[in-house]
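Spelled out from the first residue to the last, the chains are:
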Amino acid sequence: MASAKRVLVYLSKEASLLQRATFVQGVTGFYGTENPDGVTVNCGLDHNRFIISDRPFNGSRKAELQRPAFCPIKNLSAEQAASLPEEISGRGVDVGVAILLESVNKRILLTRRSKGLHIFPNVWVPPGGHMEDGEELLDAGLRELQEETGISLRGANLPWSILGLWESASPPLLSRGLPTRHHIVTYLLVSSNETHQELQEKLCPDEQEVSACVWLDQDIAEQIVATGDGEEDSGRKRPGTQTSVMITEVSGRSLTQKPLPLTSLLRTAPVDGEDTERVSTGTKYALALWLETLRREDVTQSPLQTL
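Summary of the structure given here. (Residues numbered from 1 in each chain as written. Predicted model: local features only at pLDDT ≥ 70, side-chain atom pairs only at ≥ 80, totals over all residues. Heavy atoms only, no water.)

### Focus: the overall build of the protein
Alright, step 1. Counting secondary structure elements, the protein contains nine helices and 15 strands.
Alright, step 2. The C-alpha radius of gyration computed for the protein amounts to 19 Å, which stays within 12% of the reference 19 Å derived for 307 residues, consistent with globular compactness.
Alright, step 3. Across its three principal directions, the C-alpha atoms of the protein cover 55 × 50 × 50 Å.
Alright, step 4. Counting across all 307 residues of the protein, residues that qualify as buried make up 50%.
Alright, step 5. Within the protein, counting contacts between residues at least 6 apart in sequence, those at least 24 apart form 69% of the total.
Alright, step 6. Taken as a whole, the protein presents about 14,900 Å² of accessible surface, with 49% of it coming from carbon and sulfur. (Helix = DSSP H or I, 4+ residues; strand = E, 2+ residues; numbered from the N terminus. Rg over C-alpha atoms; globule rule 2.2 N^0.38 Å. Buried < 20%, exposed > 50% of the residue type's maximum accessible area, 1.4 Å probe, protein only. Contact = heavy atoms within 4.5 Å. Areas by Shrake-Rupley, 256 points an atom, 1.4 Å probe, with all protein chains shown as cover.)

### What about the nonpolar core?
In a soluble, globular protein the nonpolar side chains are often hidden away together inside.
Alright, step 1. Val9, Val27, Phe50, Ile52, Leu101, Leu165 and Ile184 are the most contacted members of the largest nonpolar core, which totals 39 residues.
Alright, step 2. If you tally residues by element for this core, the top one is helix 5 (residues 137-149), at five residues.
Alright, step 3. Setting aside chain neighbours within four positions, we find Val9 in contact with Gln19, Arg20, Ala21, Phe50, Ile52, Val93, Asp94, Val95 and Ile184.
Alright, step 4. Judged by nonpolar contacts, the second largest core, of 30 residues, contains Leu100, Ile108, Val185 and Val214. (Core = buried A, V, L, I, M, F, W, Y, C linked by side-chain atoms within 4.5 Å.)

### Brief notes about the pairing of strand 10 (residues 160-170)
Alright, step 1. Of all 11 residues in strand 10, nine are buried, a share of seventy percent or more.
Alright, step 2. Across 10 bridges, the pairing between strand 10 and strand 11 (residues 181-191) is antiparallel. Considered in strand 11, the bridge of Ala169 is made with His182. (Pairing = 2+ DSSP bridges.)

### A word on the pairing of strand 4 (residues 49-53)
Alright, step 1. With four of five residues buried, strand 4 lies mostly within the body of the structure.
Alright, step 2. Alignment of strand 1 (residues 8-12) against strand 4, held across five bridges, turns out to be parallel. What sits directly across from Leu8, in strand 4, is Arg49.
Alright, step 3. In this structure, strand 3 (residues 38-46) lies alongside strand 4, joined through five bridges in antiparallel fashion. Its bridge partner being in strand 4, Asp46 is matched across the sheet by Arg49.

### Looking at the pattern of salt bridges
Pairing between side chains of opposite charge can happen when the charged atoms of each approach one another.
Alright, step 1. All chains considered together, the criterion is met by 18 salt bridges.
Alright, step 2. The salt bridge partner of Arg91 is Asp94, with a shortest N-O separation of 2.7 Å.
Alright, step 3. For Asp94, a relative accessible area of 1% translates into the label buried.
Alright, step 4. Salt bridges sharing common partners tie together Glu132, Glu135, Arg143, Glu144 and Glu147. (Salt bridge = Lys/Arg side-chain N within 4 Å of Asp/Glu carboxyl O.)

### Looking at the packing of aromatic side chains
Alright, step 1. Under the defined criterion, the tally for this structure stands at two aromatic pairs.
Alright, step 2. Ring geometry for Phe30 and Tyr31: centres 4.9 Å apart, planes at 85°, overall edge-to-face.
Alright, step 3. Its relative accessible area of 6% is what places Tyr31 among the buried residues.
Alright, step 4. Arranged with centres 5.2 Å apart and planes meeting at 35°, the rings of Trp166 and Tyr285 form a pair that is tilted. With Trp166 in strand 10 and Tyr285 in helix 9 (residues 281-301), the pair connects residues that are 119 residues apart, well separated along the chain. Summarising the burial analysis for this pair, Trp166 and Tyr285 share the class buried.
Alright, step 5. The ring of Phe30 carries Lys13 above its face, with NZ or CZ at 5.2 Å from the centroid. (Phe/Tyr/Trp six-rings, centres within 6.5 Å; stacked < 30°, edge-to-face > 60°. Lys NZ or Arg CZ within 6 Å of the ring centre and 35° of its normal.)

### Observations regarding the packing of helix 7 (residues 218-226) against helix 9
Alright, step 1. The interhelical angle for the contact between helix 7 and helix 9, taken along N-to-C directions, is 135°, at an axis separation of 9 Å. Comparing the axis directions of helix 7 and helix 9 gives the class oblique. Judged by the twist between their axes, the crossing of helix 7 over helix 9 is left-handed. Contacts from Gln218, Ala221, Glu222, Ile224 and Val225 of helix 7 reach helix 9 at Lys284, Leu287, Ala288, Trp290, Leu291, Leu294 and Arg295.
Alright, step 2. Considering only residue class, the contact of helix 7 with helix 9 consists of eight nonpolar, one polar and three charged. (Axes fitted to C-alpha atoms, helices over the stretch in contact; angles between N-to-C directions. Parallel < 35°, antiparallel > 145°, perpendicular 65-115°, else oblique. Left-handed = near helix turned anticlockwise from the far one by under 90°. Nonpolar A, V, L, I, M, F, W, Y, C, P; charged D, E, K, R; others polar.)

### Some words on the state of the cysteines
Alright, step 1. Scanning the model with the defined rule gives zero disulfides in all.
Alright, step 2. We note that Cys43 lacks a disulfide partner, and the nearest cysteine sulfur, in Cys71, lies 18 Å from it.
Alright, step 3. Taking relative accessible area as the criterion, Cys43 reaches 1% and is therefore assigned buried.
Alright, step 4. Summary of cysteine pairing: Cys204 is not part of a disulfide, and the nearest cysteine sulfur, belonging to Cys213, is at 10 Å. (Disulfide = S-S within 2.5 Å.)

### So, the side chain of Ser114
Alright, step 1. Along the chain, Ser114 turns up in the loop between strand 7 (108-113) and strand 8 (123-125).
Alright, step 2. A residue is classified by how much of its surface remains accessible, and Ser114, at 7% relative accessible area, is buried.
Alright, step 3. Among the polar contacts made by the side chain of Ser114, one reaches the main-chain carbonyl oxygen of Gln208 at a distance of 3.4 Å.
Alright, step 4. With residues up to four places along the chain from it excluded, the contact list for Ser114 reads Pro121, Asn122, Glu207, Gln208, Glu209, Val210 and Ser211. (Polar contact = N/O pair within 3.5 Å; in protein donor to acceptor, adjacent residues only side chain to side chain.)

As structure tokens, this is what we get:
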């Protein structure tokens with residue numbers, strides 16, 4: 001059976017012709033000048049190509065593109081790049097789509113990836129995955145949301161936006177091995193008209209993909225965002241705040257509510273050795289962008305002050 005056609009990243013800078021991004025090419029650094037780890041770009045799909053450009057183009061949307069300072073692609077030496085086998089170095093850069101599902105009472109759904117997965121096992125992320133041939137960004141995200149969690153929002157015509165782009169590699173640090181995957185992850189914010197309790201009733205996660213789900217409120221999201229990957233693992237939390245969060249664990253067709261120590265969500269990426277249960281670095285970036293949208297909403301909705 002033929003493998004599905006992959007959607008890959010194509011780049012244009014200063015009105016140059018489109019070029020397919022190579023596996024060992026730092027996409028963020030290609031555009032970044034003053035800040036090589038973060039830049040504003042224009043992005044969009046065209047004939048199964050995900051185009052990133054420093055200039056607007058037909059159908060493009062503006063978005064922030066970011067990578068961590070410890071990005072393996074950024075820090076790859078010429079010798080290390082040359083040592084990669086052809087089946088990896090010739091892959092190009094894949095496109096991923098992840099859905100930050102926001103309930104009407106301002107909760108965000110995260111899922112814990114199953115331990116048996118090869119990439120980021122046991123790590124907390126939004127539902128998401130690869131794009132399929134002919135899909136639009138939102139269609140791909142909603143398909144992955146349904147496949148992983150059982151929540152179907154296709155055809156609901158809900159408000160959505162691109163939160164930001166994240167340059168991701170696996171393993172996430174060079175100290176844990178040479179990269180075998182290179183993605184640009186597109187984080188989409190989809191705003192539901194249902195509460196998280198109502199959406200919770202629709203959960204039917206795929207145990208092969210998801211081992212647990214959690215609904216994060218603004219306070220917990222802020223604590224997660226405050227932890228910096230690439231630093232010493234502290235699992236720190238604010239004094240006087242809650243010590244655990246309620247998650248939904250998946251076991252076959254059974255769902256069980258149980259507390260999870262908050263420190264599990266506040267861990268940072270280990271420099272070497274086995275990975276640990278934590279929130280991925282890219283997810284922290286996406287949560288930070290979500291919190292910015294909430295702050296902007298607060299400003300626009302606040303009553304005008306009289307002089």
